[in-house]
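# Understanding the architecture of this molecule
Listed below are the residues making up each chain.
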Amino acid sequence: MPITEGVVEVKHKDGWAQICDLGWTPKNSRVVCGMMGFPHERKVNKSFYKLYAERQKNNFQLHSVACTGTEVHLAACPLEFNKGNSTSSCQGGMPVVVSCVPGPQFTHNAATKKKMKTTSTVRLKAGAKLGEGRVEVLKNTEWGTVCDDRWTLLSASVVCREMGFGSAKEALTGARMGQGMGPIHMNEVQCVGQEKSIWNCPFKNITSEDCQHMEDAAVRCNTPYMALENSIRITGGRTRYEGRVEVLDTASNGTQSWGLICGEGWGTMEGMVVCQQLGLGYVNHGMQETWYWDSSNVTDMILSGVKCTGNEMSLSHCQHHKTVSCQKAAAKFAAGVICSETASDLVLNAPLVQQSVYIEDRPLHMLYCAAEEDCLSQSASKANWPYGHRRLLRFSSQIHNIGRADFRPKAGRHSWVWHACHGHYHSMDIFTHYDLLNANGSKVAEGHKASFCLEDTECHEGVSKRYECANFGEQGITVGCWDLYRHDIDCQWIDITDIKPGNYILQVVINPNFEVAESDFTNNAMKCNCKYDGHRIWLHHCHVGDSFSEEAEKRFEKYPGQLNNQIS
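To keep things clear, this report deals only with the structure shown in the data block. On a predicted model such as this, the values are computed, not experimentally measured, just so you know.

Attention now moves to the pairing of strand β9 (residues 132-139). The element β9 is extensively covered by neighbouring structure, given that seven of its eight residues are classed as buried. With four bridges connecting them, strand β8 (residues 122-125) and β9 associate as antiparallel partners. In the strand pairing of β9, V122 is matched with V137. Counting the residues that bridge the hairpin from β8 to β9 gives six residues, and of these A126 lies at a positive phi of roughly 65°. Sheet topology note: the β9/strand β13 (residues 218-221) ladder contains three bridges and is antiparallel. Bridging across to β13, E132 finds its partner in R220. Taken together, the four bridges between β9 and strand β10 (residues 142-146) define a ladder with antiparallel strand orientation. What sits directly across from E136, in β10, is T145. Counted between consecutive antiparallel strands, the loop separating β9 from β10 contains two residues, among which N140 sits at a positive phi close to 50°.

This is the structure we're talking about:
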């Protein structure tokens, strides 16, 4: 847990100096707490520190600090420097002591956590670590972004404190944390810095001429120092961004030593936590063997079965085996990571799925290719080929890369698979899952969309295409481009031949096995309510996984289905 209280000291020449507390106000404390990563200040018991101060040789360098409380740094406040003899220049006073209230993420006490519940109408997305990200706000049950016109440290600080962090370190413009999708809710936000929420600040509602997602605002907040990076390191890599992961182990007698992590089951989510903990950005790859980074004399495996969700502050917060159990215990099979300052972020165009959906009864003699690629449900193998047909739910998938790095397949060219049926190479075995779920979430039909060829179909203005499938071309999706799988191409469907009429949920999940690293996995799933009457199909409420408020998401899941074909 972070240190939340103590004597304030400022760097002075080669040492540290104190501030005289005569005339010190809570507003000054608020600024100090903000710098240290805390949202609020609180009263402090000074008598405890009086004894401490009397025993110390104090060096008072600052006095008469007069902050308004909205500054993001003490240096921005009016203050005076001591001249001459600084030891005796705080007559009747003592060094400044400050006590701060930590945000709920940094509190152990469950009761305090509950009382200090942070906002549910603002969130940060796609940041490389806690306390940074693209700013998104909730309006009418739908999340949207904030345009960067007039975006300042004052407004950014209101967001940071509202989220349970300190003041803002940076107010980022120009979609520096990736572009959002969906609505842009605010423009020209002008906070003065005292507001409890960004919603209390003056702002303009948006019109589409005003702003594009290329102008999405983001923040980097001051967060409490936790010393998390001291208990982990990476070694042997060509740069400081890659290497074999080593963790610090403290024995029962207090001696400390470094050890390795078993590579079995190690992947993107575990690597994500390591890269964030070390302040090295996003994970690029989580490696299960690291014989090529063998430069350290650390050889003991001290952790195995590590499983992270990706949200942990430290690897020590992830699940792991109680006692080490590792099939391949040699150091060359230890876990490693490659980190990166930027990452891709894929998201599906939900409205297009809703607009393009239809049912096709396709004759079996036209489905040999699809059967070979495992794109039909199992009952197709028992059909009387080539007579009869399969009923297919078809739609278009348009997959955008809204991140800050190109999305590239994990497999190198040498392992791509040639598909004679389609006349091109597939670079990813499983890139998307298409599923039809019943009311309790069980799969009733699935379209495997088994393997994919990734390319830039179209790009935003000013962005040029880099990837194409033809002629054994390079594969990937460029930032600011999208890959379109039209409704009329092979396998772009779910086989619903065996499905009874009823209400279902259509779900599409991109990059379901986290095979390729992204800055944000919460927007990889898209869901729609689906009504099938045995002849026709209707989709409604199509939305990306995290674009609705919690209440709206609950309503979506309890949706009773259409009683007629009038979709409100």
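On to the sheet that holds strand β32 (residues 525-532), then. Taken in spatial order, the five strands of this open sheet run β27-β26-β31-β32-β33, and their pairing is antiparallel. Taken across any chain shown, the strands that pair with only one partner, and hence form the sheet edges, are β27 (443-447) and β33 (537-544). Strand after strand, the sheet turns through a mean of 20° between neighbouring axes, direction not considered. Two strands pair when backbone bridges link them, and strand β26 (residues 432-437) and β27 are joined in this way by four bridges, in the antiparallel orientation. The residue bridging L436 from the neighbouring strand is A445, located in β27. Packed on one face of the sheet, helix α8 (residues 550-557) meets β31 (502-510), β32 and β33 and runs near 35° to β32.

Definitions and cut-offs
Residues numbered from 1 in each chain as written. Predicted model: local features only at pLDDT ≥ 70, side-chain atom pairs only at ≥ 80, totals over all residues. Heavy atoms only, no water. Buried < 20%, exposed > 50% of the residue type's maximum accessible area, 1.4 Å probe, protein only. Helix = DSSP H or I, 4+ residues; strand = E, 2+ residues; numbered from the N terminus. Pairing = 2+ DSSP bridges. Axes fitted to C-alpha atoms, helices over the stretch in contact; angles between N-to-C directions. Contact = heavy atoms within 4.5 Å.

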